[in-house]
Amino acid sequence: MNRKFFGGIAATLSSLAASTAAWAQGAAAPVPEPGNNAWMMVSTLLVLMMILPGLALFYGGLTRSKNMLSTMTQIGGVTALAMLMWVMVGYGLAFGPEGNQFISWGKFFLAGVTPDATAATFTDGVVISELIFVCFQMTFSAITIALVLGSVVERMKFSAVMTFAVVWLLIVYYPIAHMVWEARGVFFVMGALDFAGGTVVHINAGVSALVAALILGKRKGYPAEPMAPHSLTLTFVGTGLLWVGWFGFNAGSALEANGSAALAMINTFTATASAALFWMLAEKFSGHKGSALGYCSGIIAGLVAVTPAAGNSGPFGAIVLGAVASIVCFIFVSKVKPALGYDDSLDAFGIHGVGGIVGAIGTGIVYAPSLGGPGGADFSIGSQVGTQIAAVVATIVLSVVGTVIAMFIAKAVTGLRVSPEVEADGLDIGEHGERAYN
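Residues numbered from 1 in each chain as written. Predicted model: local features only at pLDDT ≥ 70, side-chain atom pairs only at ≥ 80, totals over all residues. Heavy atoms only, no water.

(A) View of the nonpolar core. Core analysis: the largest hydrophobic core is formed by 104 residues, its most contacted members being Trp86, Met156, Phe164, Trp168, Tyr173 and Phe249. Looking at this core element by element, the count peaks at 15 residues for helix α5 (residues 158–181). Residues within four places of Trp168 in sequence aside, it is in contact with Thr144, Ile145, Val148, Tyr173, Asn204, Ser208, Thr403 and Ala406. One finds Leu321, Ala325, Val358 and Val366 within the second-largest nonpolar core, a separate group that totals 6 residues. (Core = buried A, V, L, I, M, F, W, Y, C linked by side-chain atoms within 4.5 Å. Buried < 20%, exposed > 50% of the residue type's maximum accessible area, 1.4 Å probe, protein only. Helix = DSSP H or I, 4+ residues; strand = E, 2+ residues; numbered from the N terminus. Contact = heavy atoms within 4.5 Å.)

Written as structure tokens, this is what we have:
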């Protein structure tokens, strides 16, 4: 009994001494909460699922059967390349400790990023493990370069794709990611709203896709020769995987398992559901039948549009944003592209570029508290929309210039297009020596 009593006194005194020492040295550094770390790990894996198998199946099903494996292999190749580049130089160029409004540097090859290192979230005093933040942002860089390929499939060399990816990530993606998401970045400082990547991912990828397609040229036989998707079944499966994975993309961008993540989650449901149905309605009012391809296209358009608004809108603002983006994307895909004659093979620009622009600008509207958004009482729609437009225009300019440079470097190093014989036989056998179906 006495031993327990005196032991308790000793423990208490020891605890008090430790607390006093800690107080004297200042407040202890914040420690990651296991729940937030666990949520961010899950979110990171969900984004990976968006790429492999989600985007690979979505894009692969939309191509002709002779190019199925080449499309999936190109996506897989740039994904692996982007991961390695991110840990070597990308993280440092986007989120390094030194830098300015346009680029950062430091932490190359993850120097100093230990298992004990932490990264800040959007809540004062709350952190997550920095290695998890590195992984999460790594998947964003991977899916962005993979999205670009939707415009150039069925005719671009695998070696050219890989060369283009190296240059494009260095001069386009990393600087824009820094400008939008790093606290010193020019768009971040000016107050541009981009919760999960409307500018960084979708406008960036979509505009780059259009530029790349224009430089590369049309597929042989386009548009006279029928080039229908070979498997809408696989595209539908890929669409479902993309939608599920997008919750990691959007809700994960809260960086915590909190109310902001919950808001992003409900918006990712409502905007997407709205867009899917409105695309089919647009088909119907255009004199066509509501199609499975239209449903899938609408889902992607809604997901793209809500990305910058995921935590910056109320659920009903997201519904309207999804509907508007779906209709605008439908017009670009079904009317504008045929009228202008460019060969954006899988509508990377028509959906990601256009939907990203609508979503990014629309975020400046749905953020308003009068429309159910989380903006403050002094929020001004006009000034915020002006800021959003400025960020969109700057992103477009950077994407265009960087993509032109990256494409011409790839052309000089490898040549861009496969031979006419390989294009006719299919890139599966011509580039990779195998077929998707035997």
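(B) Representation of α5 within the structure. Of all the bends in α5, the greatest, near 45 degrees, is centred on Leu169. Of all 24 residues in α5, 18 are buried; the element is thus mostly enclosed. (Bend = angle between axes of the 7 residues up to and from the residue.)

(C) Fine view of the state of the cysteines. Tallied over the entire structure, the rule returns 0 disulfides. Free cysteine Cys296: the closest other cysteine sulfur is in Cys329, separated by 15 Å. In this structure Cys329 comes out as buried when scored by relative accessible area, which is 0%. (Disulfide = S-S within 2.5 Å.)

(D) Main features of the packing of aromatic side chains. One pass over the structure, following the stated rule, counts 19 aromatic pairs. Summarising the aromatic geometry, the rings of Tyr91 and Phe133 are spaced 6.3 Å apart at their centres and angled 70 degrees between planes, so their arrangement reads as edge-to-face. Of this pair, Tyr91 sits in helix α3 (residues 68–95) while Phe133 sits in helix α4 (residues 130–148), and the two are 42 residues apart along the sequence. Phe133 shares its class with Tyr91; the two are buried. One aromatic cluster is present, built from ring pairs that chain together Trp86, Tyr91, Phe95, Phe133, Phe164, Trp168, Tyr173 and Tyr174. (Phe/Tyr/Trp six-rings, centres within 6.5 Å; stacked < 30°, edge-to-face > 60°.)

(E) Structural context of unusual backbone geometry. A cis geometry characterises the amide bond from Leu52 onward to Pro53, with omega recorded as 15 degrees. With respect to the helices and strands, the residue Pro53 is situated in helix α2 (residues 34–62). With an omega of 5 degrees, the peptide bond between Tyr222 and Pro223 qualifies as cis. Mapping Pro223 onto the fold places it in the loop between α7 (198–216) and α8 (232–251). Phi is positive for Glu154, close to 75 degrees, though the residue is something other than glycine. Tracing the chain through its elements places Glu154 in the loop between α4 and α5. Even without glycine at this site, Asp347 takes up a positive phi of about 60 degrees. Here Asp347 shows up in the loop between α11 (315–340) and α12 (348–366). When its relative accessible area of 15% is taken as the criterion, Asp347 is described as buried.

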